[in-house]
Each structure stands twice: as structure tokens, then as C-alpha cells.
Amino acid sequence: KPNAFVQITVISPSQPTLSRYSNTETVEGTREPVFLTGVTFPPGYPIYEATRVKLTVYDVKEKSQGTRSFLGSATFVVGDLLKSEEQTLTINLRYVCIFKNVIWKVYRFPTDNGKWLCVREQMAESTLSFHIPKQMITLFIQEDMRRLQDLEELGNLSAHWETLRQNVTVHYRHMISSYQETLTELNKFSGSSFKPSCSRGEKKLEFVPVNLHLQRMHIQNGMYDVITVGAPAAHIRGFRSGGLRRQLYRFEGEKRNSGYQYIYYSPEHTAKAKEVITKIYRLQPLISSNTELLLTAARLQSCDDIKNSLKALNHWYEGLYPLVVTLKDCVNEVVARAKKAMVFVLLQECACSIPQALALHQRRDVVFSQAVSGLFVFHPILLSLLIIGMLEDMSVGISDLQKVTFKVVQAQLEENASAELFPVVTGVRDFYTVEVQLPTKLFEVLPQEIKDGNLLRVYPVLFNVGINEQQTLAERFGDISLQEIINQENLELLNRYYKSFEEKLSPDCLPRFQAQTDLKDLLQSLSQNIQIKKRKNVEILKLAAKICRRLNGIRFTSCKSAKDRTSMSVTLEQCVILQDEHELHPDYFVRALDCMRREGCRIENAQKNVKCRKYAFNTIQLMAFPKYYRPPDGTYGKVDT
């Protein structure tokens, strides 16, 4: 239950700036607070009927530290209060509800200099776990229905291609029907705002990420976030034939070597065809409207808009009107032919194997939906190589996020309205834009180019190090080349990003840290650790996390369920931060680590997922774990995963 506190701010009609005026007392431990403190305006205070008063409600976490979290706000006009019955108003709080069901834990740890660190740990569910997948499924359905319409508009085809079109149409309709059923089930869902690990096999939840949570650590004026989520993968579709990475490679080989009499188009070519169709749909209304305006101007003999360009013409109407009609017809014909050509390219993409092509289509949709729900940017994971199919799914899903752009817009909210500022996804596969709404106060401090609508891109980077006994077997008797390839590919991506950063931005824009190791040195060290191919080299994860924070990136950590190995990883990262940045006494490092794992938010995460306050490890497994990834005695045992 919150400890409620209200801050009163006055907004002058002549100068629309916020001026903090007063506040109430804090009412502790209730969802229905009654405040005893009143607010008065003395004679002569510049307050008018048009003056607005804003009430902002906070939950006070620690009085001594002055820490609090935002609960909501509401604004009213003084004139409305004066005109109301008994001069009383009932107004709704306007709030942003992205995280919910927050769990808090507080610790005190000694430092090197004899002082004490006050550490507050927080774990919260994300309402985006379900909100984004529902948006994505809706977009998938809209795009596929449009694809069916495009196929119909191809007109008469030869017998071979007509049969192919009919087969593709049947499969698309089946896929649309399946997606519609899934969306209906998700809209009915009224449970918690996260998908527990034990629900990985539920068909109706396959688009929803597993166990998505915000993990946050507060230290005095510092705050450190990690998003924890199960590896995005199509669990219920199985891994017998491998994951997306292997299946896509195999499918492209079969297309290339197919006996069908058609032109082979690479993934790059088909992606370009999708881009052309997307631009046609976006630009066609604009082109048509402009030609229509020109046509109307000619019909009405109104030359105001175009007379400057036609000064040399006499009797322009007779000559211009037929030209504009011809222009309009030409535009429509060019657009129609271009669209048909691109649709035919995409039809041929399915020629090799329709069921396989669309099964891959669906698998990629599932994985991408899970990935984008967390808005991935930088991602260390702890999957063993015996779950190789899951890693193959995840690597493609995260790579696909490079095609996502973000646009920040100012939230258009009416006063006294209740609203949730959820992100809005638009676009089609390979060309999605996430629109992030910000309240006016936050939007106004953004750089001008972002306020002008310039798109932002994400640079997702993935590093994987398996740490359990299955990884031991894979290293000794199996094949770990996929892990090595993925780490090397993403190191190259990271180096390219850093090079671009150096060219465009000053190091002064980066956050400051106590441990001022040069970023180039960290990147060099990461490169060396990837090259040496040391077994269970968790130094890779440690360095990747440091580089991410130094570059002001967003941190994500995953394992199969984001429950056990992920918990070991984030608690270790938190203690490393305390030691490196906040002078945690070295003698208390292990004690702090055990304390967080035994009493902290992550053991609560296990409880939420499997109804048991234990991590799903056994003694034999832990013998294979690196030293600092082992939980304290009494906190692990045989439980569901």
C-alpha cells in the first residue's frame, strides 16, 4: 500500500510554466488517503479563474532519503472549482502504467570508507508483455489480408501460377484464422501482466515473452536497470529441425537449388520488394491527392495555386486539363504495375515449398513479437548449447530488431483525462515503427531533431555464454561453434556502432562512472576474451554489461526462463556495480551476493513463476557452474522450470 503525498503546482494563464506552490503531508499505508493539510492562496497572490492547478501524487518510499515514485497527476481550472456545487470537484488521476506489481527489497552494506550503502532493489512486471503482442498480431493480420487482396489483383495467370496462387491463398487464410483466434484469446486474458515460465507451452500465449520484468537497483543518487526475460523462441513449435537461423539457411538453399522454373530471389531481393510495396501503399494516397488537386484546379479554372508557373501560357485551361487527367491515369498505371511486379516476386518466394515458407513465416512472427515486446537493445544471455534451437531462434529475433525504428511524439491528452501512454506500433514486417508518447514536460527537453520527428534506430547486440552442465558436455564432446559465431558477429556490430559513435558524438554525452576504464580498452578486452575461446568465459558477459552501461545502452539478460541463471547473473552484476562504483567493502561482496539471492527480488521471481521459493538447480548442476553463479545453500532444489 502506498505512502501518499500530493504536490501542488500552479500554472499561470499568462505564462504557461509550472511553479511549485505547496504540498500535503504523507499519509502512510493506505489506498484511500485523507489529507489534513489544506492549501490557501494569500491576498494579492496572482491567481485567476483561468489559472490551472496541478496535483501530482507520489508514493514516498523512504523519508530519510527523500525517494518517491510517481503515481499519477490531475489538473483543474480554478474557475471550474468556483462554479461547481459546494465548490467541490471530482477529478481522475492521469497516470502512466507501464510497470505494475512492484516488489521492493532494502539492504544496508558497509563501504571501504566506513560508511553504509543504502541499496533498494525493485522488480516489476511490464504491462507491455501483453499489450505489444496484441498490437503485433493485429498488424500481422492486416498485412496478410492485404497480401491476399494483392494476390487477387494479379489478374489472370498461367495454370501453374494460378495453382500456386490458390495454394498460397489457402495457407494465408489458415494463418490469418489462427492469428485471429490467438488475438481473441489474448483479449480475453485477465490474469497477471506477465507470462510465467510454466506457460511456455501454451499455444494462446506463444507471442507473449516469458517472465518479462524490470530489475532496478537504487543507490543514493544512482539507478541501474536490467530487463530480464526468457529467450524469445517458438517453444511450442519445437526445435527438432533446429531454430530459425538453421531453418532459414536450409530453406534458402532449397529455393536456390529448386527444380521449379522460376527466378531465384535472395532474402535481400524479397525484402526490397516488400519495401517497394510498403512505400507504394504509403505514397499512393499522397500522389493521388496531389494530382486530384491539380485536376480540380484545372476544372474550376482557378489558377491561384499554379499561376506563377503558367504566366507564359494563354488559355491554359484547354491545354492543362487533359494533361492532368493523363498524369493521373499514368500515376495509377505505374503504381498498379509496380505493385503487381513486387507481389509476383513475393509469390515466387513461396514456390519452393508453400507449407515450409509459411511455417517459417509464423515462427519468425512469434519470435519477433516476443523480442520487440521488451524493446531489446543490448542482450547478454546464458543458454547452453544443447538448447541450440532456442539460441537459433533468439539470434534471428534480435537481429530483426535492427529493422525497427522509434519515433518520440508529444502525448495529446485532454486535461483531467485518464490515459496510459503506451507505445503504438505501426508498419509491416521488416518496416515497423514504434511511436513512444511522452508528456509535454519530458518532450520539451528532447533535442530538436527528435522533437521534429526524426526516427531513432536500435542497435541490438547479443552475447551468449552457457554456464550449466549441458554447456560442459557441449564444450567437451559437442559443437559450440554457434556460440562462437554469434559472439564474433555481435562483437563486429558493437565495434561498428562505437566507431560511428566516435565520429558523431562527444564522449562528454556519456554517463560518468567511478571506474574510468577507457571504452577502447574494454572493447579490446572483450575482443580478446571472445578470441581465446575459454570454457564458460563469463568475463564476456561482465565486459558486455560494462560496455553497454558506458554507452548508455539498455541492458537485458536472458536464459531459458529468465528465472534461475538469469537471477544469478543480475544479482552478480548488481554486486559488481556496488563494488566498482559505490565502494562496497570487498569482505562483504559474497555476503551481499548471497543476501540478494536469498532475500531479494529474484527469489520472489521464482515464487511467482513456479510457486516455490527455490531456484531450479541441483548439486550436480552447480558443480559445473562458475563460482559466483552458484546460489547459497538452502535456496535451490528440484522444482519446475
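Bear in mind that the values here come from a model prediction, so they are computed numbers and not experimental data.

**Some thoughts on the sheet that holds strand β8 (residues 222-228)**
Okay, so step 1: Reading across the sheet, the 5 strands line up as β5-β6-β7-β8-β15 and stay open at both edges, with mixed pairing between neighbours. Lying at the two open borders of the sheet, with one neighbouring strand each, are β5 (99-110) and β15 (556-557).
Okay, so step 2: Relative to strand β6 (residues 116-126), β5 runs antiparallel, the two sharing 10 bridges. Bridging across to β6, F99 finds its partner in S126.
Okay, so step 3: Helix α16 (residues 589-599) rests against β5, β6 and β7 (213-219) of the sheet, and its axis sits at about 150° to β5.

**What about the packing of helix α15 (residues 565-582) against α16?**
Okay, so step 1: Their axes nearest at 9 Å, the elements α15 and α16 cross at an angle of 140°. By the criterion of interaxial angle, the relationship of α15 to α16 is oblique. Crossing of α15 against α16: the hand is right-handed. Residues M568, T571, L572, Q574, C575, V576, L578 and Q579 of α15 touch α16, and the partners they reach there are F589, A592, L593, M596 and R597.

**A closer look at the sheet that holds strand β13 (residues 456-457)**
Okay, so step 1: Spatially, the 4 strands line up as an open sheet ordered β11-β12-β10-β13, and their pairing is mixed. Taken across any chain shown, the strands that pair with only one partner, and hence form the sheet edges, are β11 (424-428) and β13.
Okay, so step 2: By the bridge criterion, 6 bridges tie strand β10 (residues 405-410) to strand β12 (residues 431-438) in an arrangement that is parallel. Each bridged residue has a counterpart across the sheet, and for K407 the counterpart in β12 is E435.
Okay, so step 3: Across the sheet, helix α2 (residues 128-152) lies against β11 and β12, angled at about 25° from β11, the strand it touches most.

**Notes on the packing of aromatic side chains**
Okay, so step 1: On inspection of all chains with the given rule, the structure shows 13 aromatic pairs.
Okay, so step 2: Both rings, one in F5 and one in Y58, keep their centres 6.4 Å apart while their planes meet at 40°; by these two values the pair is tilted. Pair noted here: F5 is in strand β1 (residues 4-11) and Y58 is in strand β3 (residues 52-62), with a separation of 53 residues, a long-range link. By the burial criterion, F5 is buried, and Y58 matches it.
Okay, so step 3: Judged by centre distance (6.5 Å) and plane angle (70°), the rings of F140 and Y432 are edge-to-face. Here Y432 lies in strand β12 and F140 lies in helix α2, a separation of 292 residues in the sequence. Exposure class is identical for F140 and Y432. Each is buried.
Okay, so step 4: Taken together, the ring pairs connect F140, Y179, F207, F368 and Y432 into an aromatic cluster.
Okay, so step 5: The ring of W116 carries R108 above its face, with NZ or CZ at 4.4 Å from the centroid.
Okay, so step 6: For the cation-ring pair, K608 lies above F194, with the distance from its terminal atom to the ring centre recorded as 4.7 Å.

The rules behind these values
Residues numbered from 1 in each chain as written. Predicted model: local features only at pLDDT ≥ 70, side-chain atom pairs only at ≥ 80, totals over all residues. Heavy atoms only, no water. Pairing = 2+ DSSP bridges. Helix = DSSP H or I, 4+ residues; strand = E, 2+ residues; numbered from the N terminus. Contact = heavy atoms within 4.5 Å. Axes fitted to C-alpha atoms, helices over the stretch in contact; angles between N-to-C directions. Parallel < 35°, antiparallel > 145°, perpendicular 65-115°, else oblique. Left-handed = near helix turned anticlockwise from the far one by under 90°. Phe/Tyr/Trp six-rings, centres within 6.5 Å; stacked < 30°, edge-to-face > 60°. Buried < 20%, exposed > 50% of the residue type's maximum accessible area, 1.4 Å probe, protein only. Lys NZ or Arg CZ within 6 Å of the ring centre and 35° of its normal.

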